[in-house]
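Chain residues, written in single-letter form:
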Amino acid sequence: MSSFDENDAFEGASLSARAIAARPAPYLDELNPAQRAAVEALDGPVLMLAGAGTGKTKALTARIVHLLNTGRAQPNEILSVTFTNKAAREMKDRVGRMLGQAVEGMPWLGTFHAICVKLLRRHAELVGLKSNFTILDTDDQIRLLKQLIAANNIDDKRWPARQLAGIIDHWKNRAWTPAQVPGSEAGAFNNRGTELYDQYQTRLRELNAVDFGDLLLHVVTIFQTHEDVLAQYRRWFKYILVDEYQDTNVAQYLWLRLLAGEHKNICCVGDDDQSIYGWRGAEVGNILRFEADFPGAQVVRLEQNYRSTPHILAAASGVIAGNEDRLGKTLWTEAESGEKLRLIGHWDGEEEARWIGEEIEALQRGTRRLPPFDLDQIAILVRASHQMRAFEDRFLTIGLPYRVIGGPRFYERLESRDAMAYFRVVVSPDDDLAFERIVNTPKRGLGDKAQQTIQGIARANGVSLVDGARIALANGDIKGKGGAALRQLVDDLARWHDLTRGPLLAFDEDDTAVIDDGPAPQPRFGDPDLNHVELAQIILDESGYTAMWQNDKSPEAPGRLENLKELVKALEQFDNLSGFLEHVALIMDNAQGDDGAKVSIMTLHAAKGLEFPVVFLPGWEDGLFPSQRSMDETGLKGLEEERRLAYVGITRAEQLCTISFAGNRRVFGQWQSQLPSRFIDELPEDHVEVLTPPGLYGGGYGAASPMQSGLETRASEANVYNSPGWKRMQDRSSARPQSQSRESRNTVIDLKAVSAYTVGDRVFHQKFGYGAVLGIEGDKLEIDFDKAGIKKVVARFITGADDVPF
DNA sequence: GGGCTGGATTTTTTT
DNA sequence: AATCCAGCCC
């Protein structure tokens, strides 16, 4: 590392500072005064307080371009960190567009985690790792902790691994190594937390693995203990930019301070009112303290909002004003006043979903006051993911296309994880956790006993499980059917492993390679005759994994096979299996096919940074939102975070925002009556149109008539809510005919599709599985599903059972 | 060793 | 309601 040479390092830069310095700077003219001030204050610490929808990303990218344009830095001397891959991608795109294809790449623009992986690969040996360490996901982490808990004779019923994982994660977020955990935490996990944390870290090192928290923790440790390394990067990263600064945790904060320590050219962008990740270690204090941390910091406030109507902004401001701990901003806009927020109560969650479904269809057609909307201009934002279900069920029945964002993520699905475990053992045969996962999947007759034998032998000989298995076989410790299957597996693994190591094609040519002469970057092997995509397919087929699902009669099996197919296809975009595996470990967001217009359903957390013309915010009920748990665990602090979540939700809307709540909701399969959220009382009356009469939820709203709505809320339906008492309402809602307002769309297509089926046909449905057609009603089929019971479903959501993939 | 059953337990939010 | 796990029986 000492041979680091700055001149060398610069050679990789893809464009010369001088070449662009001569360019004009049209991007500056497109900024408002505040944005421009934030962009032009290049030196020294800058805090950009950017309210929702105030052009934060625009300012941030303009700043990067300005740094390049003025010749202050080369692309690879700017460190810019984001939290999500999506944000990183967007910034890269926008910088490229602003500069006009000039920049080959910004190697140090990425998420905290992705950047830390790069750094850690280069200095792994300083924390006792090899540079090809694997990154464990939560699942592996839990299994490892379970083993540790068992080894320590702790009752995992009373002290579950999940809890320990949470504690350790919390400590890592605060940048505490086992030795640094303060005494005040000694009581954690029945007084054994610290000790187990220590054991866990040791085990990780043995496995040459890290978990998510380690990525930051290790890098911070390296910076703290190796001045020369730190000095190198301090010189290297001349300018630092941080997005979503309000979400940084202590470890990230330390990391930034260490790097910015000398030149202090750090620009942090954030909005204290949008800090919603306290539960995972984010410290709002970081942003609140910025001026104290960096004396002489310039603070720029972006307050002109370009997204929402005044009513929406006013409502959001009214709610967030209830928080004590904030720096304070006043958002304003030049937009026309537009629609008020709409508020409506429902009998229960299903009714809420039904109503929203009808509203969406009305919005599609167009209403008196608003233009017609496309489905992808509409979003439903929920507090907790279990709320999504009611909407999915409803939308499937009425045939309304929707997309769940951030739901059960592709790479987290069982079959994806199994397949990737195979890839992992093939790539690195000493990945014990992956081996454990696949050794008996599909079933090979290798149960607990055989696995324990392997474990024991591996431990006794200090080798990996795969090698342990080899020894066990050689000793004749595992015989019979299981033994034969194990022999087959072990041989296959070795064979596949050899196939990954064709001739050496190249070294990682990522331009970060020039930063130092540390450990060699990931070598790229390849075999011109057999690419990794084919190899992956071979692994899945020859291992019997594909066959396992083909023989599986459960309704999910076809979907899983489909996912496997997709997984293999996803490999095409990578150079090799290990590149793919690293991508998956870091990039858990699934960029699903954006085919066609669909309503988006997602959590409020997932919605941060997004915007939609029309937003529905269902489930505003005390206990659900604000979440009871959040209030129980962190009291007022938790409530304030929930309130910020409400603020985030409302400010996602550009033109129309509808808040709703239900009087009854099923929780854990049990009906529970609900009270409207306290946040509803905090909405400023002048900016809200109440579609619900007073009395229904006991709030303080006056006599606003539901009839005033310019939308197609049917008078008859609105009247329901004018009648006092729950009972009448219930009668009405159950008596109301299944909505007739939707047939207009796609009738022709649906009828055609319907005609493809006759009673008795075996069919398949993505969500409900296999079933048989009972009857045909209009554009819908009545189907008796094997697992899900009798349901009516629109025909185009159905496939003939024979047409199912695989 | 594997599969089934009944009982407990779950629901925040995620890089 | 749905999933997960331990314990039981084959």
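The name recorded for chain A in an unreviewed UniProt entry is DNA 3'-5' helicase, from Thalassovita gelatinovora. UniProt lists a comment for chain A under the heading Function (unreviewed entry), and it reads "Has both ATPase and helicase activities. Unwinds DNA duplexes with 3' to 5' polarity with respect to the bound strand and initiates unwinding most effectively when a single-stranded region is present. Involved in the post-incision events of nucleotide excision repair and methyl-directed mismatch repair." Looking at the Sequence similarities (unreviewed entry) heading of the UniProt record, one finds this comment for chain A: "Belongs to the helicase family. UvrD subfamily."

Asks: When you look at the sheet that holds strand S2 (residues 78–82) in this model, what are you seeing that I'm missing?
Replies: Spatial ordering of the open sheet is given by S3-S2-S6-S7-S1-S8, a layout of six strands whose pairing is parallel. Either end of the sheet is taken by a strand with one partner, and the two such strands are strand S3 (109–111) and strand S8 (298–302). In this sheet, adjacent strand axes meet at a mean angle of 15° when their direction is disregarded. In the sheet, strand S6 (residues 239–242) pairs with strand S7 (residues 266–270) via three bridges, with the strands oriented parallel. For Val242, the partnering residue across the bridge sits in S7 and is Cys268.

Asks: Please explain the UniProt feature "binding site: ATP" (unreviewed entry) in chain A as it appears in this structure.
Replies: The positions UniProt marks with the feature "binding site: ATP" (unreviewed entry) are Ala50, Gly51, Ala52, Gly53, Thr54, Gly55, Lys56 and Thr57. Here Gly51 is to be found in the loop between strand S1 (46–50) and helix H5 (56–69). Ignoring any residue separated from it by four or fewer positions in sequence, one finds Gly51 in contact with Asp271, Gln274, Leu302, Lys329 and Leu331. Topologically, Gly53 is positioned in the loop between S1 and H5. Exposure remark for Gly53: the relative accessible area of 17% places this residue in the buried category. Dropping the residues within four chain positions of it, Gly53 is found in contact with Gln304, Asn305, Tyr306 and Arg307.

Asks: I keep staring at the environment of Phe237 and nothing clicks. Help me out?
Replies: Within the secondary structure layout, Phe237 lies in the loop between helix H12 (227–236) and S6. Phe237 sits in the buried class, given a relative accessible area of 1%. When the C-alpha atoms of Phe237 and Trp332 are compared, they prove to be 36 Å apart, with 95 residues separating the residues in sequence. Residue contacts for Phe237: discarding those within four places in its chain leaves Glu77, Leu79, Trp108, Leu259 and His263.

Conventions used here
Residues numbered from 1 in each chain as written. Chains lettered and ligands numbered in written order. Predicted model: local features only at pLDDT ≥ 70, side-chain atom pairs only at ≥ 80, totals over all residues. Heavy atoms only, no water. UniProt positions renumbered as here; feature names shortened; annotations may be inferred. Pairing = 2+ DSSP bridges. Helix = DSSP H or I, 4+ residues; strand = E, 2+ residues; numbered from the N terminus. Axes fitted to C-alpha atoms, helices over the stretch in contact; angles between N-to-C directions. Contact = heavy atoms within 4.5 Å. Buried < 20%, exposed > 50% of the residue type's maximum accessible area, 1.4 Å probe, protein only.

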